[in-house]
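What follows is each chain in one-letter form.
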Amino acid sequence: MAAVNSSKLSRSKSQLNVMSRWNIMPYKLHLIFTFLLLFVSLCFSDDDHEMEEFLKREFSLSKPYQGVGSLGSSHWELMGDAMVTTDQVRLTPDMQSRQGAVWSRIPCHLKDWEMQVHFKVHGQGKKNLNGDGLAIWYTKERMQKGPVFGNMDNFTGLGVFVDTYPNEENQDHKRIFPFVIAMVGNGTISYDHERDGRPTELCGCNAMVRNQKHDTFLFIRYIRRRLTVMIDIDGQHEWRDCLDIPGVRLPLGYYFGASAITGDLSDNHDIISLKLYQLTVLRSKKEEEEEEQDVVTIPSVDNMELLRLSQNEEGMSGLAIFFTVLFSMLGCIFLIVIGMVVYSHWNESRRKRFY
């Protein structure tokens, strides 16, 4: 009887030990999962988790546009056909041969910044019977009329262009316009209007921004010499990637601006707001020392030749894409057939050895 009780007691203890282990296991698994999640988030965290942003009102333009264009009473100055209304700064009206701009009076000395542009392009013209587009600038020069979306050619600095009219007729790779591109100029590089800026563009994306009933936005970020442009044009309040280029070197002390131009074709080009945010980014001591030693005085882009090569490879025709897909599919089918034949021979030899 005592032996039976002792065996029951030992079984009950073992059951309790098993149950306690099962009760502890979820807790351990939870701790492990939490640790892994924290580790992964630290490994894959980007610059957004290491920085703060602050609105810089002296470099921003928004309603009610108090004093814009007045001498000495605003941080912003109008040029050409630009005019202020209660709802927007209209760079050009929907009329032929007009150009206008709005420029900051204060040079910007921020290392890392982010510009959010709320804009609107609309008019009476049908598709491809409108033009020409608008531009957002960060340049050494300001208040200079010219052919590059209402600004001077051979500019020094950064231009982000919303091009609404295709000038190049014979294109190997057809673009869908409107099209957004970025360009960095050093004072000697000319914008090729006839080729829609292709020879000097960094990269770009199509953006159907014209005559939209919802708001359209452009996002330009410059951080650690990396230029990122995104767009929000679908009314979903979501940013879509447009371009992301490392190695973009821009000097401090340039001016922000926006301009637009019309020719034989026209559109209303409106700026609703320009909001500039200062980004405070954590840098190591080594990074700070390297930046102090490598002061940028002339705008440039690292590995520009590689960027142009990738753009040329990007421009495949529809026929080339078709044959690329076709041969890829044929290659996959060939590999599958070869794999089946090899597996069949291996299985047959294995069966013969077994029997």
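Quick look at the structure, then. Bear in mind that the values here come from a model prediction, so they are computed numbers and not experimental data. (Residues numbered from 1 in each chain as written. Predicted model: local features only at pLDDT ≥ 70, side-chain atom pairs only at ≥ 80, totals over all residues. Heavy atoms only, no water.)

## Points about the state of the cysteines
Disulfides are covalent bonds that connect the sulfur atoms of two cysteines. Summed over the entire model, instances satisfying the criterion amount to one disulfide. Here C205 pairs with C242 through a disulfide, and the sulfurs are 2.1 Å apart. Here C205 and C242 share a disulfide; its torsion about the S-S bond, -105°, makes the bridge left-handed. Here C205, found in strand β10 (residues 204-206), pairs with C242, found in strand β13 (residues 240-246); they are 37 residues apart in sequence, far enough to count as distant. By relative accessible area, C205 is classed as buried at 8%. Under the relative-accessibility criterion, C242 is labelled buried at 10%. Cysteine C203 remains unbridged, with the sulfur of C242 as its closest cysteine sulfur at 7.1 Å. You can call C203 partly exposed: its relative accessible area is 23%. (Disulfide = S-S within 2.5 Å. Helix = DSSP H or I, 4+ residues; strand = E, 2+ residues; numbered from the N terminus. Buried < 20%, exposed > 50% of the residue type's maximum accessible area, 1.4 Å probe, protein only.)

## Comments concerning the nonpolar core
By size, the foremost hydrophobic cluster in this structure holds 50 residues, and its most contacted members are W113, L218, I220 and I271. Among the elements that take part in this core, strand β6 (residues 113-122) stands out by supplying five residues, more than any other. Ignoring sequence-local partners within four residues, the contact set of I220 consists of W113, E114, M115, I136, L158, V160, L227, T228 and V229. (Core = buried A, V, L, I, M, F, W, Y, C linked by side-chain atoms within 4.5 Å. Contact = heavy atoms within 4.5 Å.)

## Looking at a negative patch on the surface
Side chains of E288, E289, E290 and E292 sit close together on the surface and give a patch of like negative charge. Note that E289 resides in helix α2 (residues 285-293). Here E289 falls in the partly exposed class, since its relative accessible area comes to 39%. (Patch = residues over 30% accessible without salt bridge, like charges linked within 9 Å, V, L, I, M, F, W, Y side chains within 5 Å. Areas by Shrake-Rupley, 256 points an atom, 1.4 Å probe, with all protein chains shown as cover. Salt bridge = Lys/Arg side-chain N within 4 Å of Asp/Glu carboxyl O. Lys, Arg positive; Asp, Glu negative; His and termini not counted. Charge placed at Lys NZ, Arg CZ, Asp CG, Glu CD.)

## Remarks on the sheet that holds strand β7 (residues 133-139)
Taken in spatial order, the seven strands make up an open sheet running β2-β5-β15-β7-β8-β9-β10, and their pairing is antiparallel. For this open sheet the edge positions go to β2 (76-80) and β10, each flanked by a neighbour on one side alone. On average, each strand axis in the sheet is tilted by 15° relative to the strand beside it, whichever way the strands run. (Pairing = 2+ DSSP bridges. Axes fitted to C-alpha atoms, helices over the stretch in contact; angles between N-to-C directions.)

## Let's talk about the pattern of salt bridges
What the rule picks out here adds up to 17 salt bridges. Note that R105 and E77 form a salt bridge whose closest N and O atoms lie 3.5 Å from each other. Placement of R105 in the loop between β5 (99-104) and β6 and of E77 in strand β2 is noted, with a sequence separation of 28 residues between them. By relative accessible area, R105 is classed as partly exposed at 24%. Across the salt bridge formed by R283 and D112, the nearest N and O atoms sit 2.8 Å from each other. Remark: D112 occurs in the loop between β5 and β6 and R283 occurs in the loop between β16 (268-281) and α2; sequence separation between them is 171 residues. Connected via shared salt-bridge partners are K111, D112, R283 and E291.

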